[in-house]
Amino acid sequence: MKFISFEWEGKEQYGVVYDEKKILNLSQIRLKESSFPEGLLEGIRQGEEFTGRVEQVLAKPEAALAAFFVPMQEIRFLPPIPHPPKNIICVGKNYRDHAIEMGSAKDIPEHVIVFTKATTTVNAHLVPIDSHRDATKELDYEGELAVIIGKKGSRIDKKDALSHVFGYTILNDVTARDLQRIHKQYFIGKSLDGSCPIGPWIVHHSKIKNPNQLDITTKVNGEVRQHSNTENFIFPIEEIISELSKGMTLEPGDIIATGTPAGVGNGFNPPRFLVPGDEVEITIEGIGTLYNKVK
Ligand code: MG
């Protein structure tokens, strides 16, 4: 199941991808069956009660659902969770080759590096990324797998960690390197408006066999810049969840970006930062492709 938020006929709605061409509009079904949640975040909070009900609807014959389909081409994508209640939690330097390209082998972390992006950064598939030319001259991309928490928890044991995950999506941790450098702290350089494209959808965890073994590729203008596999994580997802939750409660809808592999613009000599017109495509095995153009 691929869960999606979108704008259609001027309204914010959500649904589940039915096939390549259409979405089953759960907001529309909710008008008939009020037991359906108001939005995807509420659905994530309901957990299996919600996904079970969606499965029941999907099992109906296609003809019975005809009134609830929306053509994929007619929607405007929204971030899967359009209004995250909390900052986006991000793991830094979670691939050895990226830690080295940002400095040296001394930068390979022994403990999970964590920072956040403001909620105002969230952006969607196919929606342009603002180049913020007045604020930065060094805009960079970071293709990442993102984890969506489904079940609340603290002090989560590594062996239980994946049972707290609702699903997985793709995230571009767009970064202003100059701001990251001059302000010493990550937050401002990571929080430009629109600098966190997420999507196109959240794939339910039941459809991802092993999230720590997924191919990930980032292309800029069709050229492969990053290519790795999440099996190269320094800290696998179980460890990230366990470490974060030691003293901080994780809640349904929390978004955790798991870090980026080598090949960011800053890693090239000379650096290859994003400029208006550039097209960034991040593809993750089993999820899809997140596409954004820089404006
Ligand atoms: Mg990152």
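Model, not experiment: these values are computed from the prediction. (Residues numbered from 1 in each chain as written. Predicted model: local features only at pLDDT ≥ 70, side-chain atom pairs only at ≥ 80, totals over all residues. Heavy atoms only, no water.)

(A) Here's a closer look at the overall build of the protein. Summing up its helical and strand segments, the protein has 8 helices and 18 strands in all. Rg of the C-alpha trace for the protein: 19 Å, near the compact-globule value of 19 Å for 295 residues, within the 12% margin. Reported as C-alpha extents along the three principal axes, the dimensions of the protein are approximately 60 × 45 × 30 Å. Counting every position in the protein, which comprises 295 residues, the buried fraction comes to 56%. When contacts within the protein are restricted to residue pairs at least 6 apart in sequence, those whose partners lie at least 24 apart make up 74%. Element-wise, carbon and sulfur atoms account for 48% of the exposed surface of the protein, whose accessible area totals about 13100 Å². On the protein, the mean spot of the 34 positive side-chain charges and the mean spot of the 40 negative ones are 1 Å from each other. (Helix = DSSP H or I, 4+ residues; strand = E, 2+ residues; numbered from the N terminus. Rg over C-alpha atoms; globule rule 2.2 N^0.38 Å. Buried < 20%, exposed > 50% of the residue type's maximum accessible area, 1.4 Å probe, protein only. Contact = heavy atoms within 4.5 Å. Areas by Shrake-Rupley, 256 points an atom, 1.4 Å probe, with all protein chains shown as cover. Lys, Arg positive; Asp, Glu negative; His and termini not counted. Charge placed at Lys NZ, Arg CZ, Asp CG, Glu CD.)

(B) Looking closely at the side chain of H125. Mapped onto the elements of the fold, H125 is located in the loop between β8 (122-124) and β9 (139-140). Side-chain polar atoms of H125 contact the backbone nitrogen of Y291, separated by 3.1 Å. With sequence-adjacent residues up to four places away left out, H125 is seen in contact with F77, I198, P200, T289, L290, Y291 and N292. (Polar contact = N/O pair within 3.5 Å; in protein donor to acceptor, adjacent residues only side chain to side chain.)

(C) Just the nonpolar core, in detail. I241, I256 and I287 are the most contacted members of the largest nonpolar core, which totals 52 residues. When residues of this core are traced back to their parent elements, those giving at least two are β1 (2-8), β6 (88-92), β10 (143-149), β11 (165-172), β13 (196-204), β14 (215-220), α8 (237-244) and β17 (279-284). Counting residues per element, this core draws most heavily on α8, which supplies 4 residues. Both of domain 1 (2-76) and domain 2 (88-293) provide at least three residues apiece to this core. Not counting residues within four places of it along the chain, the set of residues in contact with I241 comprises I149, I156, A161, V165, L250 and I256. Residues F3, L40, F50 and F115 belong to the second largest nonpolar core, which totals 31 residues. (Core = buried A, V, L, I, M, F, W, Y, C linked by side-chain atoms within 4.5 Å. Domains from an automatic or database assignment.)

(D) Broad picture of α8. Among all positions in α8, only I237, I240, I241, S242 and L244 are buried. Looking at the buried positions of α8, the neighbouring elements they touch are β6, β7 (113-117), β10, β11 and β16 (255-257).

(E) The arrangement of the coordination of the magnesium ion in detail. The magnesium ion binds to the protein through E142 (OE), E144 (OE) and D173 (OD), with metal-donor distances spanning 2.0 to 2.1 Å. Within one chain, the residues donating to the magnesium ion are spaced in sequence as E-x1-E-x28-D. Of this pair, E142 sits in the loop between β9 and β10 while D173 sits in the loop between β11 and β12 (175-176), placing them 31 residues apart in sequence. Under the relative-accessibility criterion, E142 is labelled buried at 5%. Judged by relative accessible area, which is 0%, D173 ranks as buried. (Donors = N, O, S within 2.8 Å, 3.2 Å for Na, K, Ca; no water.)

(F) Representation of the domain arrangement of the protein in the model. For the protein, the assigned domains are domain 1 (2-76) and domain 2 (88-293). One C-alpha centre belongs to domain 1, the other to domain 2, and the line joining them spans 27 Å. Tallying the contact residues gives 11 residues for domain 1 and 13 residues for domain 2. Taken over both partners, the interface formed by domain 1 and domain 2 buries close to 960 Å², and the fraction arising from carbon and sulfur atoms is 75%. For domain 1, the biggest contributors to the area lost against domain 2 are K2, F3 and I44; these three give 57% of the whole. The interface formed by domain 1 and domain 2 includes 0 salt bridges. Summed over the shared surface of domain 1 and domain 2, the number is 1 residue pair in polar contact (both at pLDDT 80 or more). Every element with two or more residues in the side of domain 1 that touches domain 2 is listed here: β1 and α2 (40-46). Top element by residues in the side of domain 1 that touches domain 2 is α2. It accounts for 4 residues. Its residues assigned to classes, the side of domain 1 that touches domain 2 comprises 7 nonpolar, 1 polar and 3 charged. (Buried area = accessible area lost by both parts, 1.4 Å probe. Salt bridge = Lys/Arg side-chain N within 4 Å of Asp/Glu carboxyl O. Nonpolar A, V, L, I, M, F, W, Y, C, P; charged D, E, K, R; others polar.)

(G) Main features of the pattern of salt bridges. Scanning the entire structure with this criterion turns up 17 salt bridges. Measuring nitrogen to oxygen at the nearest pair gives 3.5 Å for the salt bridge that ties R76 to E7. Placement of R76 in strand β5 (residues 76-77) and of E7 in strand β1 is noted, with a sequence separation of 69 residues between them. Among the residues examined, E7 registers a relative accessible area of 30% and is labelled partly exposed. Ionic pairing is found between E62 and K22, a salt bridge with its closest N-O pair at 3.1 Å. Of this pair, E62 sits in helix α4 (residues 62-65) while K22 sits in strand β3 (residues 22-25), placing them 40 residues apart in sequence. Among the charged side chains, a network of salt bridges with common partners joins K117, D140, E142, D173, R177 and K190.

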